[in-house]
Amino acid sequence: MDKWIEGEIATQEVKQEKPSRLWMLYHLWAGICLKVYGDISGFSEVIQSLVSGEDSVFASNYAGFSAIIAVVPVAFGYYLSQSITRAIDGLAITQNRRAILKTLLPIAFFIGAILLAMATTQFWEVSVSSSRRLSTDLQQSDIQPVVAITTTQSSEGITEADLDQAVLANLETWVMDTILKKGKDSYADMGYDPENFKPQISASSAYVTTGDKKLAIIKVDIDNSVRSVTIIGLEGSELHRVSCIREGSRDIPVWSGECGTEIKKTHGVSIQP
């Protein structure tokens, strides 16, 4: 019987220690105020800017990271409110004064969050700008440079009047075959069997007429790891070919940068973007 009574007393003590829903909401308010501070001041954006990327893995990680950012300040504010109320309970003051302090505490949290946000917004905005600038610099440093060269050969009697869709298709095939041959040669030079060099290669081509010059533009993608753009034009009995190449999956700007400069030098034309 005595053990049963002791068990009941212990159960009641546990129930008394468990916070009521009202007190849970009370402490939760502090977490919400802290979350409001992070959103208004820009602090949350600073933390989110630390994660960068472009693929699907990044998207998944970013979503999880954003969820953590939303939960952590609420949890911390909850814990902070509990700690402060316990400290108030330990003060050597009357019960009425403790009640007044606890009543004013949620108001103080809200006003403090707004005032602190106003005071630190500019600082966090500068931090976000710096973080974005650093991220952009890092991304740009990963972009491989464009290499542009010009070769000249006989046009074999072809004139601009002959540049129709059939000729364009033949030029596209010729460019692809040339790239594959050079790739096989490089593969063999590294000691591998050139017959095993079988990349996935795709191409697209079109004519561009600027001024009195008609140019064939052929874009080639090799295994999504090398991009090539070939610009072919005729000058009298000569065929001028500008080849622009870049490692990576990024497209090559045709009319700007290294490629645009080489086209201007070789074909004497340019198109302002």
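Residues numbered from 1 in each chain as written. Predicted model: local features only at pLDDT ≥ 70, side-chain atom pairs only at ≥ 80, totals over all residues. Heavy atoms only, no water.

Undergrad: It is not clear to me how the sheet that holds strand β5 (residues 238-247) should be interpreted in this structure. Could you clarify?
TA: Sheet strands pair via backbone hydrogen bonds, and the direction of the pair is either parallel or antiparallel. The five strands lie next to each other as β1-β5-β4-β3-β2, forming an open sheet whose pairing is antiparallel. Two strands in the sheet have a free side with no partner beyond their single neighbour: β1 (147-154) and β2 (201-210). Across the sheet, the mean angle separating the axes of adjacent strands is 20 degrees when strand polarity is ignored. Sheet analysis places β1 next to β5, joined by eight bridges and oriented antiparallel. (Pairing = 2+ DSSP bridges. Helix = DSSP H or I, 4+ residues; strand = E, 2+ residues; numbered from the N terminus. Axes fitted to C-alpha atoms, helices over the stretch in contact; angles between N-to-C directions.)

Undergrad: How do you make sense of helix α7 (residues 257-267) when you look at a structure like this?
TA: Along an α-helix, residues three or four apart share an orientation, since each turn contains 3.6 residues. Every buried residue of α7 is accounted for by Cys 259, Gly 260, Glu 262, Ile 263 and His 267. For α7, the buried positions fall inside an angular range of 165 degrees around the axis, keeping them on one side. Those residues of α7 that are exposed and aimed more than 90 degrees away from the buried face are Glu 258, Thr 261 and Lys 265. Among the structural elements, β1, β3 (213-222), β4 (226-235) and β5 are those in contact with the buried residues of α7. Just beyond α7, the residue with positive phi is Gly 268, at close to 75 degrees. (Buried < 20%, exposed > 50% of the residue type's maximum accessible area, 1.4 Å probe, protein only. Arc of directions from axis to C-beta. Contact = heavy atoms within 4.5 Å.)

Undergrad: Would you take a moment to explain the side chain of Ser 81 for this structure?
TA: In this structure, Ser 81 sits in helix α4 (residues 56-89). Using a relative accessible area of 0% as the deciding quantity, one classes Ser 81 as buried.

Undergrad: Looking at this structure, how should I read the pattern of salt bridges?
TA: Opposite charge on two side chains makes pairing possible when the charged atoms of those side chains draw close. Summed over all chains, the structure comprises six salt bridges. For the salt bridge of Lys 181 with Asp 185, the shortest nitrogen-to-oxygen distance reads 3.3 Å. Taken together, the positions of Lys 181 and Asp 185, both in helix α6 (residues 165-189) and four residues apart, correspond to about one turn of that helix. By relative accessible area, which is 37% here, Asp 185 ends up partly exposed. Residues Glu 262 and Lys 265 are paired through a salt bridge, measuring 3.4 Å at the closest nitrogen-oxygen approach. Residue Glu 262 and its partner Lys 265 are located together in helix α7, separated by three residues, close to a single helical turn. Overall, the relative accessible area of 62% leaves Lys 265 in the exposed class. Within the structure, one salt-bridge network assembled from shared partners comprises Asp 221, Arg 227 and Asp 251. (Salt bridge = Lys/Arg side-chain N within 4 Å of Asp/Glu carboxyl O.)

Undergrad: I keep staring at the packing of aromatic side chains and nothing clicks. Help me out?
TA: The relation between two aromatic rings is expressed through the spacing of the ring centres and the mutual angle of the planes. Tallying each qualifying case throughout the model produces four aromatic pairs. On the basis of an interplanar angle of 45 degrees and a centroid distance of 5.5 Å, the ring pair of Tyr 187 and Phe 197 is categorised as tilted. A residue pair is termed long-range when its members are at least 10 positions apart, and Tyr 187 in helix α6 and Phe 197 in the loop between α6 and β2 qualify at ten residues. Counting every residue linked through ring pairs, the aromatic cluster contains Tyr 187, Tyr 192 and Phe 197. Over the ring of Tyr 207 we find Lys 214, and its NZ or CZ is 4.4 Å from the ring centre. (Phe/Tyr/Trp six-rings, centres within 6.5 Å; stacked < 30°, edge-to-face > 60°. Lys NZ or Arg CZ within 6 Å of the ring centre and 35° of its normal.)

Undergrad: What exactly am I supposed to notice about the nonpolar core here?
TA: Within the largest apolar cluster, 14 residues are counted, with the highest numbers of intra-cluster contacts made by Leu 171, Tyr 207, Ala 216, Ile 218, Val 220 and Ile 232. Looking at this core, the elements that each hand over two or more residues are α6, β3 and β4. Those residues in contact with Leu 171 that lie beyond four places of it in its chain are Ala 216, Ile 218 and Ile 232. Core analysis: the next-biggest nonpolar cluster, separate from the first, contains 13 residues, Val 146, Ala 148, Ile 231 and Val 269 among them. (Core = buried A, V, L, I, M, F, W, Y, C linked by side-chain atoms within 4.5 Å.)

Undergrad: What exactly am I supposed to notice about α6 here?
TA: For α6, with 25 residues, the first-to-last C-alpha span of 36 Å sits near the 36 Å given by 1.5 Å per residue. Taken together, the buried positions of α6 are occupied by Val 167, Leu 168, Leu 171, Glu 172, Val 175, Met 176, Thr 178 and Gly 183. Those residues of α6 that are buried are in contact with β2, β3, β4 and β5. Taking the backbone nitrogen of Ala 166 as reference, a side-chain oxygen 3.3 Å away marks Asp 164 as the first, capping residue of α6. Just past α6, the residue Gly 191 takes up positive phi, approximately 95 degrees. (Expected span 1.5 Å × (residues − 1). Polar contact = N/O pair within 3.5 Å; in protein donor to acceptor, adjacent residues only side chain to side chain.)

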